[in-house]
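Breakdown of the fold
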Amino acid sequence: MVEPSLPAPVIILNAPQMAENIGAVARVMANFGLSELRLVNPRDGWPQERAWALAAGAEGPLNSARVTGSVAEAIADLQLVFATTARPRELQLPILTPRVAAAELNAASHRGERIGLLFGGERAGLETADIALCQAVVTIPINPEFKSLNLAQAVAINAYEWRTTLDNSPPAI
């Protein structure tokens with residue numbers, strides 16, 4: 001697990017559709033030492049029994065998941081939030097790879113800031129208005145002809161990069 005004194009990223013799922021994907025995200029979170037899950041308007045409400053089945057024992061994030069009615073509410077207590085998307089936008093936000101994003105999140109965490117990663121729903125991803133609430137965009141460098149990752153896969157890539165930064169010293173950025 002992540003050392004208690006170092007705030008880890010909060011994982012925020014905006015409008016998740018399938019309980020199974022929420023459960024798979026919880027499993028990924030546990031694998032990489034992340035524990036705080038927030039759900040914005042889950043399509044089928046919360047809690048959903050099917051999520052626990054897919055979590056494969058990673059019940060912590062599910063048991064403590066916080067449900068909010070908007071992205072703004074979900075991120076209100078966070079100082080640095082990165083939105084994840086593969087689609088280009090007209091926003092003037094920095095675009096980062098998961099590795100660079102993890103290093104920046106780690107540095108902010110070492111400064112005592114609360115940090116988060118925002119993921120969109122399975123069907124359409126994030127809305128431009130929700131991305132605009134964030135400080136940067138994280139884009140996973142995948143095949144430009146097929147930009148479709150499962151929600152848990154996208155969380156896994158970002159969580160892995162976060163985990164690699166945990167050497168107890170702030171990175172040089």
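See the structure printed just above.
Residues numbered from 1 in each chain as written. Predicted model: local features only at pLDDT ≥ 70, side-chain atom pairs only at ≥ 80, totals over all residues. Heavy atoms only, no water.

1. A look at the overall build of the chain
Our working definition: To qualify as a helix, a DSSP run of H or I must reach at least 4 residues; to qualify as a strand, a run of E must reach at least 2; elements of each kind are numbered from the N terminus. We take the radius of gyration over the C-alpha atoms and set the globule estimate at 2.2 Å times the residue count to the 0.38 power. Throughout, a contact is declared for two residues whenever any of their heavy atoms are within 4.5 Å. In these tables, accessible area is a Shrake-Rupley quantity obtained with a 1.4 Å probe, and a residue counts as shielded only by the protein chains included in the view. In summary, the charge assignment counts Lys and Arg as positive and Asp and Glu as negative, without counting His or the chain termini. Every charge is mapped onto a representative atom, which is NZ of Lys, CZ of Arg, CG of Asp or CD of Glu.
Along its length, the chain carries seven helices and seven strands. Counted from the first residue to the last, the chain has its helices and strands arranged as β-α-β-α-α-β-α-β-β-α-β-α-β-α. The globule rule puts the C-alpha radius of gyration for 173 residues at 16 Å, and the 15 Å found for the chain is close to it. For the C-alpha atoms alone, the extent of the chain along its principal axes is close to 45 × 40 × 30 Å. In the chain, of all internal contacts separated by at least 6 residues, the share reaching a separation of at least 24 is 82%. With the model as given, the accessible surface of the chain reaches about 8400 Å², and the carbon-plus-sulfur share is 52%. Between the mean site of the 13 positive side-chain charges and the mean site of the 17 negative ones, the chain shows a separation of 2 Å.

2. A look at the layout of surface pockets
For the record, the criterion: The distinction between a cavity and a pocket rests on a 1 Å grid over the protein atoms alone: a 1.4 Å probe fits inside a cavity but cannot get out, while a pocket stays open yet meets protein on both sides within 12 Å along at least five of seven lines, and a residue with an atom within 4 Å of a point counts as lining. Grid points are joined across faces, edges and corners, and a volume is the space filled by probe spheres set on the points. In the scheme used here, Gly and all other residues not listed as nonpolar or charged are polar, with Ala, Val, Leu, Ile, Met, Phe, Trp, Tyr, Cys and Pro taken as nonpolar and Asp, Glu, Lys and Arg as charged.
Approximately 520 Å³ is the volume found for the largest pocket. Taken together, 24 residues line the largest pocket, and the ones lying closest to its centre are Thr85, Ala86, Gly125, Lys147 and Leu149. Ranked by residues supplied to the lining of the largest pocket, first place goes to helix α7 (residues 151-164) with three residues. Of the residues assigned to the lining of the largest pocket, the class counts are ten nonpolar, ten polar and four charged.

3. So, the environment of arginine 114
In plain terms, the rule: Within 3.5 Å is the distance limit for a polar contact, defined as a pair of N or O atoms, with the added protein rule that one can donate a hydrogen and the other accept it, and that residues adjacent in sequence qualify only through two side-chain atoms.
Position of arginine 114 among the secondary structure elements: in the loop between α5 (98-110) and β6 (115-119). Separated by 48 residues in the primary sequence, arginine 114 and arginine 66 place their C-alpha atoms 16 Å from one another. Once you skip the residues sitting within four places of it in the chain, arginine 114 turns out to touch Val10, Glu36, Arg38, Asp77, Leu78, Gln79 and Leu80. Of the polar contacts made by the side chain of arginine 114, one reaches the side chain of glutamate 36; its length is 3.1 Å.

4. What about the pairing of β6?
To keep it simple, the criterion reads: Partly exposed residues are those whose accessible area sits between 20% and 50% of the maximum for their type, while under 20% is buried and over 50% is exposed, using a 1.4 Å probe and protein chains only. In this description, strands pair whenever DSSP reports at least two bridges between them.
With respect to burial, β6 is a largely interior element, five of its five residues being buried. The alternating pattern of β6 places Ile115, Leu117 and Phe119 on one face and Gly116 and Leu118 on the opposite face, and all of these are buried. Where strand β1 (residues 10-14) meets β6, four bridges bridge the pair, whose relative direction is parallel. From the neighbouring strand, isoleucine 11 faces β6, where its bridge partner is leucine 117. Pairing of strand β4 (residues 80-84) with β6 involves four bridges; the strand directions are parallel.

5. Considering the packing of helix α1 (residues 19-31) against α7
Selection rule: Axes here mean lines fitted to C-alpha atoms, for a helix over just the part in contact, with angles spanning 0 to 180 degrees between N-to-C directions. Angle categories: roughly parallel below 35 degrees, roughly antiparallel above 145, roughly perpendicular from 65 to 115, and oblique for all the rest. The handedness criterion is simple: a crossing whose near helix is rotated anticlockwise from the far helix by less than a right angle is left-handed, and one whose near helix is rotated clockwise is right-handed.
Viewed as axis vectors pointing N to C, α1 and α7 meet at an angle of 15°, and their least axial separation amounts to 8 Å. Judged on the interaxial angle alone, α7 and α1 are roughly parallel. Our pair here, α1 against α7, has a crossing hand that is right-handed. In contact with Asn21, Ala24, Val25 and Val28 of α1, α7 contributes Leu151, Ala152, Val155, Ala156 and Ala159. In terms of residue class, the contact of α1 with α7 is made up of eight nonpolar, one polar and no charged.

6. Considering the pairing of β4
Of all five residues that make up β4, five are buried, and the element is covered over most of its length. Here β4 shows a buried face lined by Leu80, Phe82 and Thr84 and a second buried face lined by Val81 and Ala83. Judged from the three bridges that link them, β4 and strand β7 (residues 136-138) form a sheet pairing that is parallel. Paired with alanine 83 across the two strands is valine 137, which belongs to β7.

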